[in-house]
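Geometric and topological summary
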Amino acid sequence: MITRRSALKSAALASAGLFISTSLTRALAQAAAPSGPHKLPELGYAFEALEPFIDRQTMEIHHGKHHAAYVGNLNRALADYPDLQKLSAEELIANLDKVPEKIRTAVRNNAGGHANHSLFWKSLKKDADPLDSGPLQEALGELFGDKETGEKMFFDKAMGVFGSGWVWISVDKDKKLILESTPNQDSPLMAGRKPLFGLDVWEHAYYLKYQNRRADYVKAVVSLVNWPFLNERFEKLTA
Amino acid sequence: MAHELPALPYAKEALEPHIDALTMEIHHGRHHKAYVDNLNKAIAGNAALEAKSLEALISDLASVPDAIRGPVRNNGGGHWNHSFFWTLMGPNRGGTPTGDLAAAINAAFGSFDEFKAKFEAAGIGRFGSGWAWLVVQNGALAIVSTPNQDNPLMGKAVSGVEGKAILGVDVWEHAYYLKYQNKRADYLKAFWNVVDWNTVSALFAAAK
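Structure report, in brief. (Residues numbered from 1 in each chain as written. Chains lettered and ligands numbered in written order. Predicted model: local features only at pLDDT ≥ 70, side-chain atom pairs only at ≥ 80, totals over all residues. Heavy atoms only, no water.)

Some details on the sheet that holds strand β1 (residues 165-171) of chain A
All names here are of chain A. The strand order across the open sheet formed by three strands is β2-β1-β3, and the pairing between neighbours is antiparallel. At either end of the open sheet lies a strand with only one pairing partner, and these are β2 (177-183) and β3 (194-200). On average, each strand axis in the sheet is inclined to that of its neighbour by 25°, with strand direction left out of account. The pairing of β1 with β2 spans seven bridges and is classified as antiparallel. Note on β2: the bridge partner recorded for Trp166 is Thr182. Of the strands in this sheet, β1, β2 and β3 touch helix α11 (residues 227-238), which is tilted by about 145° from β3. (Pairing = 2+ DSSP bridges. Helix = DSSP H or I, 4+ residues; strand = E, 2+ residues; numbered from the N terminus. Axes fitted to C-alpha atoms, helices over the stretch in contact; angles between N-to-C directions. Contact = heavy atoms within 4.5 Å.)

So, in structure tokens, the structure goes:
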């Protein structure tokens, strides 16, 4: 039970409020994940890169513990299914009907959690360039009208998620954008749509800094959208 | 009469170190209060619903108009669940159940330790937000869990479970995140130190 012990050790350090270096946190997170095809991706930036909107400790735990746990649990669920091990998290959740019933819920929750968080990290950036023109801006205009209305609609959707879940801007089969939300770690991929941008509204995404004030968190994250990344992603999803 | 936030039956720091004062303050004063306020908002202007007790309201959601059924379910459930939860805990509690309740726990689960393990597993296994419950079903004990603010009072058709709740634990992240972060299992273990078994025994006696 090295895995469990590593997790407990890392938890004990964190709750003691001791300073933990980035590399140690990462090493502990990876030690907590059993071996398997799925790996915790690098965050791609420093834990403190999104301060003050999203605090360092939240990013450390969100990435190094929550996301790592989804990866570990996904690998564990797939341990006896070599054929399924060849599929990406996105392929798994887009084809849950092909996953044996015995592990379907575990795959839904954990491949969902893995895919959702992997996209989330890439979608955030401080001081990213704004979206000035192009197909994504036109598609957003079609969905929302102006920017102000869009932010209001997105905000309302995020506030309307009761319990744990995500709010999404996704691409439907006609390559049109839609605004939707999902419970828990469900993904638009489970309904045949492609997620362009997802906002995590599980309490773990904001509780250390914002507690019950989800509204403040949602407003803060709207200023962190990595528009150049989404622009490129939209082109790929609609190609 | 409008629904009201009940006072906590003890000081917000009374459950330290198992549940910290800040968590209690926000959990009761913000989260629970929001459920009460949003419930009142949802039923405002509907005299028939406003006249109902909280229990009557959430145990007959079918009679609530479609347009407000979701808010009544979520906020009525949130109000009931939290009001119940506060009364199940207290300072210097914990220990083990005695008498009829202890016998029923042994009969249903083998031992108190096995019961605790199964109850913790139900809390850990609830993916996302929700509650784990110990319920009385036809005189016998069972462990169930519900998503979000659903509860056994709502009945099987709504919440997927039934029975009379005699113990419940909140496993929304807001119940433990400030102190335990991702370690829900540690929170559930700590919960045993604050459970008021006298209250649970009295609920059991009334329910069976």
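From this point, things continue past the structure.
Some points on helix α4 (residues 66-87) of chain B
Helical periodicity: at 3.6 residues per turn, an α-helix aligns residues three or four positions apart in one direction. End to end, α4 of chain B covers 32 Å across 22 residues, agreeing with the expected 32 Å (1.5 Å per residue, within 8%). Of all the bends in α4 of chain B, the largest measures some 30° and sits at Val72 of chain B. (Expected span 1.5 Å × (residues − 1). Bend = angle between axes of the 7 residues up to and from the residue.)

So, unusual backbone geometry
Following Glu51 of chain A, the chain continues to Pro52 of chain A via a peptide bond in cis, the omega torsion being 0°. In this structure, the amide linkage connecting Glu16 of chain B to the following residue, Pro17 of chain B, adopts the cis form with an omega of 0°. Along the chain, the position of Pro17 of chain B falls in the segment before α1 (21-43). One non-glycine residue, Lys175 of chain A, adopts positive backbone phi at about 65°.

Examining the side chain of Ser159 of chain B
The residue Ser159 of chain B is located in helix α7 (residues 156-159) in this model. Ser159 of chain B has contacts with Thr146, Pro147, Asp150, Asn151, Pro152 and Met154 of chain B, leaving out every residue within four places of it along the chain.

Remarks on the pairing of β1 of chain A
Looking down a regular strand, the side chains alternate between one sheet face and the other. Residues and elements named next belong to chain A. Of all the seven residues making up β1, seven are buried; the element is thus mostly covered by neighbouring parts of the structure. Here β1 shows a buried face lined by Gly165, Val167, Ile169 and Val171 and a second buried face lined by Trp166, Trp168 and Ser170. Where β1 folds back onto β2 in an antiparallel hairpin, the turn is made up of five residues, including Lys175, whose phi is positive at roughly 65°. Alignment of β1 against β3, held across six bridges, turns out to be antiparallel. Residue pairing for β3: Ser170 is matched across the bridge by Pro195. (Buried < 20%, exposed > 50% of the residue type's maximum accessible area, 1.4 Å probe, protein only.)

Regarding the interface of chain A and chain B
Of the residues lining the interface, 19 residues belong to chain A; the matching set on chain B comes to 18 residues. Note on chain A versus chain B: buried area summed over both sides is about 2,000 Å², and carbon and sulfur give 62% of it. Contact with chain B buries surface across chain A, with Phe162, Glu203 and Tyr207 of chain A losing the most and accounting together for 34% of the total. Where chain A meets chain B, there are zero salt bridges. For the pair chain A and chain B, the number of links is six residue pairs in polar contact (both at pLDDT 80 or more). Put simply, the parts of the chain that give the side of chain A that touches chain B at least two residues each are α1 (2-15), α3 (56-77) and α9 (207-210) of chain A. Per-element tally for the side of chain A that touches chain B: the top contributor is α3 of chain A, with four residues. For the side of chain A that touches chain B, the per-class residue count stands at seven nonpolar, ten polar and two charged. (Buried area = accessible area lost by both parts, 1.4 Å probe. Salt bridge = Lys/Arg side-chain N within 4 Å of Asp/Glu carboxyl O. Polar contact = N/O pair within 3.5 Å; in protein donor to acceptor, adjacent residues only side chain to side chain. Nonpolar A, V, L, I, M, F, W, Y, C, P; charged D, E, K, R; others polar.)

Things to note about the environment of Lys157 of chain A
Residues and elements named next belong to chain A. Inspection of the secondary structure puts Lys157 in helix α8 (residues 147-159). Lys157 gets classed as partly exposed once you look at its relative accessible area, which sits at 31%. For the pair Lys157 and Leu179, spaced 22 residues apart in sequence, the C-alpha separation works out to 8.0 Å. Among all residues touching Lys157, those that are not within four sequence positions of it are Val167, Leu179, Glu180 and Ser181.

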